[in-house]
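Overview (structure and organization)
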Amino acid sequence: MTNAHIADAFDLIGDILDFKGENPFRVRAYRNASRTIRDYPESLAAMVELGKEKLKAIEGIGDDLAAKIMTLVQTGSLPQLEDLKAQVPESVLALLRIPGVGPRKAAALHKELGIKTLAELKAACDAGKVQKLKGFGVKTEQIILQGMSIAEQAHQRMYWAEANQIVADLREHMADCRSIEQLEFTGSYRRGKETIGDLDILVVSDDVNQVMDRLGKYPEITQTLARGDTKMSIRVASGLQIDLRVVPAESFGAALQYFTGSKEHNVILRGMAKDKGLKINEWGVFRVKGDKEERIAGASEKEVYDTLKLPVFPPELREGRREFEWAASGKLPELITEKDIRGDLHMHTTATDGSASIEEMVAAARARGLAYIAITDHSQRVSMARGLNPQRVLEQWAEIDNIREKLPKGFTLLKGIECDILEKGGMDLPDDVLAQADWVIASIHYGQKQPRQQITERILGAIENPHVSMVAHPTGRLLNRREAYEVDLDAVFAAAKKHGKLLELNANPQRLDLNDVYCAAARQHGIPIVINTDAHSPDGLEMLRYGILQARRAGLTKDDVANTRTWVQMKKLVGKK
Ligand code: DGT
Ligand code: CA
Ligand code: CA
Ligand code: ZN
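As the structure is a computational prediction, the values presented were derived from the model and not from experiment.

Residue S262 follows G261 across a cis peptide bond; omega there is -5°. Residue placement: S262 occurs in the loop between α15 (252-260) and α16 (263-275). Of note, the amide linkage connecting D513 to L514 takes the cis form, showing an omega dihedral of 5°. With respect to the secondary-structure elements, L514 resides in the loop between β16 (502-506) and α24 (516-525).

Note on metal sites: the ideal angle is 109.5 degrees for four tetrahedral donors, and 90 or 180 degrees for six octahedral donors. Summarising the metal site, the calcium ion (ligand 2) is bound by the protein donors D198 (O), D198 (OD) and D200 (OD), whose distances to it range over 2.2 to 2.6 Å. If you look at the calcium ion (ligand 2), its six donor atoms make angles of 69 to 167° with each other, and the shape they trace is irregular. The calcium ion (ligand 3) is placed at 3.7 Å from the calcium ion (ligand 2), the two being bridged by D198. Overall, the relative accessible area of 23% leaves D198 in the partly exposed class.

Turning our eyes to something else, we now look at the nonpolar core. Formed by 97 residues in total, the largest nonpolar core has its most connected members in I459 and I531. Formed jointly, this core draws a minimum of three residues from each of two domains, domain 2 (159-246) and domain 4 (338-573). Non-local contacts of I531, meaning those with residues more than four positions away in its chain, are made with I336, I341, L505, A507, L544, G547, I548, A551, V561 and N563. A7, A33, L55 and A106 belong to the second-largest nonpolar core, a separate cluster that totals 48 residues.

Turning next to the sheet that holds strand β14 (residues 439-443). Taken together, the seven strands give an open sheet; going across it, the order is β11-β12-β13-β14-β15-β16-β17, and neighbouring strands pair in parallel fashion. The open sheet has two edge strands with one neighbour each: β11 (343-344) and β17 (529-532). Strand direction decides the pairing type here: strand β12 (residues 372-375) and strand β13 (residues 412-420), joined by four bridges, are parallel. Looking at β13, one finds that A374 is bridged to L414. Along the sheet, helix α19 (residues 358-367) makes contact with β12 and β13, crossing β12 at roughly 155°.

Attention now goes to the sheet that holds strand β4 (residues 199-205). Taken together, five strands build an open sheet; the order of strands is β2-β4-β7-β6-β5 and the sheet is mixed. Every other strand in the sheet has two partners, leaving β2 (180-185) and β5 (221-227) as the edge strands with one partner each. When strand polarity is set aside, the average angle formed by the axes of neighbouring strands in this sheet is 20°. Those strands touched by helix α12 (residues 160-174) are β2, β4 and β7 (241-247), and its axis lies near 175° from that of β2. Contacts from α15 reach β2, β4 and β7, with the element oriented near 175° to β4.

With that out of the way, let us pick up the site of ligand 1. Around ligand 1, a shell composed of 16 residues is seen, among which R157, S188, R191, G197 and D198 lie nearest. G197 places a main-chain nitrogen or oxygen 2.7 Å from an oxygen atom of ligand 1. Coverage of ligand 1 by the protein chains reaches 71% of its 590 Å² of free accessible surface. Contributing elements (two or more residues each) for the shell around ligand 1: α13 (187-190), α15 and α16. Residues of the shell around ligand 1, tallied by class, amount to three nonpolar, seven polar and six charged.

Attention shifts here to the coordination of the calcium ion (ligand 3). Within the protein, D198 (OD), D198 (OD), D200 (OD) and D243 (OD) serve as the donor atoms for the calcium ion (ligand 3), at 2.2 to 2.7 Å. The sequence pattern describing where the donors of the calcium ion (ligand 3) fall on their chain is D-x1-D-x42-D. With relative accessibility at 5%, the residue D243 sits in the buried group.

Here the focus is the side chain of D340. When you line up the elements, D340 lands in the loop between α18 (323-328) and β11. Reaching out from D340, the side chain makes a polar contact with the backbone nitrogen of T337 at a distance of 2.9 Å. Residues in contact with D340, not counting those within four places in the same chain, are K558, N563 and T564.

What follows deals with the domain arrangement of the protein. Taken as a whole, the protein is organised into domain 1 (3-156), domain 2 (159-246), domain 3 (263-329) and domain 4 (338-573). A combined buried area of about 610 Å² lies between domain 3 and domain 4, and 40% of that area is made up of carbon and sulfur atoms. Here domain 3 and domain 4 share three salt bridges between them. For E316, the salt bridge goes to R552, with nearest N and O atoms at 2.7 Å. Where domain 3 touches domain 4, the interface holds three residue pairs in polar contact (both at pLDDT 80 or more). Its residues placed into classes, the side of domain 3 that touches domain 4 shows three nonpolar, no polar and four charged.

Residue placement: K415 occurs in strand β13. By relative accessible area, which is 13% here, K415 ends up buried. A polar contact is formed between the side chain of K415 and the side chain of D401, at a distance of 3.0 Å. In this structure, K415 is in contact with I375, W397, I400, D401, R404, Q436, A437, D438 and W439, ignoring residues within four places of it in sequence.

Turning our attention to the packing of aromatic side chains. One pass over the full model with this rule turns up nine aromatic pairs. Between W160 and Y546 the ring centres are 6.0 Å apart and the planes differ by 65°, which places this aromatic pair in the edge-to-face class. Taken together, the residues W160 in helix α12 and Y546 in helix α25 (residues 544-553) connect sequence positions 386 residues apart. Under the relative-accessibility criterion, Y546 is labelled buried at 14%. Centroid distance F185 to Y189: 6.1 Å. Interplanar angle 70°. Geometry classified as edge-to-face. Taken together through their ring pairs, the aromatic side chains of W160, F185, Y189 and Y546 make up a single cluster. The ring centre of F259 lies 4.0 Å from the NZ or CZ of R245, which sits over that ring. Positioned above the aromatic ring of Y446 is the side chain of R381, whose terminal nitrogen or guanidinium carbon lies 3.7 Å from the ring centre.

The rules behind the values
- Residues numbered from 1 in each chain as written.
- Chains lettered and ligands numbered in written order.
- Predicted model: local features only at pLDDT ≥ 70, side-chain atom pairs only at ≥ 80, totals over all residues.
- Heavy atoms only, no water.
- Helix = DSSP H or I, 4+ residues; strand = E, 2+ residues; numbered from the N terminus.
- Donors = N, O, S within 2.8 Å, 3.2 Å for Na, K, Ca; no water.
- Tetrahedral: all angles 85-135°; square planar, octahedral: opposite > 155°, others 65-115°.
- Buried < 20%, exposed > 50% of the residue type's maximum accessible area, 1.4 Å probe, protein only.
- Core = buried A, V, L, I, M, F, W, Y, C linked by side-chain atoms within 4.5 Å.
- Domains from an automatic or database assignment.
- Contact = heavy atoms within 4.5 Å.
- Pairing = 2+ DSSP bridges.
- Axes fitted to C-alpha atoms, helices over the stretch in contact; angles between N-to-C directions.
- Near = heavy atom within 4 Å.
- Polar contact = N/O pair within 3.5 Å; in protein donor to acceptor, adjacent residues only side chain to side chain.
- Areas by Shrake-Rupley, 256 points an atom, 1.4 Å probe, with all protein chains shown as cover.
- Nonpolar A, V, L, I, M, F, W, Y, C, P; charged D, E, K, R; others polar.
- Buried area = accessible area lost by both parts, 1.4 Å probe.
- Salt bridge = Lys/Arg side-chain N within 4 Å of Asp/Glu carboxyl O.
- Phe/Tyr/Trp six-rings, centres within 6.5 Å; stacked < 30°, edge-to-face > 60°.
- Lys NZ or Arg CZ within 6 Å of the ring centre and 35° of its normal.

And the structure:
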């Protein structure tokens, strides 16, 4: 059972308790625990085996929650949750998931109008009954109606890479608005989160109407959800919501800080301000004297953080995890950047499921300023992609020998292979073949539903194979599509450390695997991460930037990432002659 599973269970408990109108402190305890667990760098399932005390050492996990985690992990379910679910109809739980409804409103709809299903909710909205409820109104009714039509997509957050295209498009569109003095995209987008719930735009302008009119003319717009004096919300064709806020120049920095978030980061910041007699909000920083407030900062983020003698944290680190602790000890990591990367060690060609030849991949890599790449096509087990058998892989390496002769000095083309870890364990190609490679990746593509111990043993076996250099996409997750497989990452970390093997951060925006939390854990274990694109075309090399963002969120520096080194240094790192 993954940490995310446990977190989901606690979230659901929180939602149902909230729906039932239970004590808000109890509700909050579950939600806080859920967040802590979701972000926790080690596998709780593994900690369960070490006993309850180990779990209780986690901040925010007391005796009661620790016991529940044990039960959940050991039995696969939680009686309390099953109980709660039985008290609330399944269809009511569906109400909770509509954007704009939430547990309180769901409870009111259920209690006042007897609504149990989405169809009943829609009928009540259409009949104008919902707007008459206390605390609802016409706007809420509209939001619910719109929310229902997108409820399907709404629980799917958009990939950062996809949101980034909308951002580029919007920047261009808004550039025509003359009155805009400053414009920045904030929220999770600016923090580089792997998926985005909604987009937040912050603007300084002395002509609010002009700005809002311009946004209203965005060609992709499907709905205007709200338009007020300073805030406007729209929805675009892909289902994404966009929130625009217009602020005065003197507040731009404070608003930028506030709306970049995360909420957790801001909560800590506000606490620190309060301790110093200061108040921080989206309008500025204020010194509180009795009932008077004097404004002391707000135009830039630097001004805001300066009032607390804090650095301007890179947005990627603003998650309320370890950034304040690092700042206090002067250990804020200098985060890796795209130009630090010298080589890409995972890519495919037409020999398997790629769309370009080796030469084309080389040309694209050189154009991007890389100094080395490894060609790593699939091995025979991946029959769907015409994976390479021993004969074909040896032919490909002979071809690479030929291409090498024509390459200029200063660029290294490596003979690699993405070799499957077989379902029954062991590598998909014989050792005497693997021994001839410069770079061997071990990957799991089959048997992903196997039990935790079996999958873990397969990966450990690969790590112990002397020819293997790196494990690719170590948890197998596909964002919005497939959960990570069950794997004991602590055991993987320990083995990688022991055998001097590397772990991948696969930069594909649907993978981003290892994720930020696990990359941070690998860093703590002193295991170098390799950021690879897994490109299947020349353009695929572009995906490096998504991997870099995720690495930055993990707090990785240039030193923490193996392929910032030259190939000569890399070879030493993985013990190749
Ligand atoms: P998302 O949209 O779900 O991907 O995540 P964010 O982080 O973009 O969240 P969003 O759009 O709800 O709000 C943007 C930022 O505004 C958020 O990171 C922090 C700030 N913010 C919004 N609502 C609150 C709040 O109720 N309390 C605090 N402290 N900050 C908030
Ligand atoms: Ca947002
Ligand atoms: Ca928002
Ligand atoms: Zn691959």
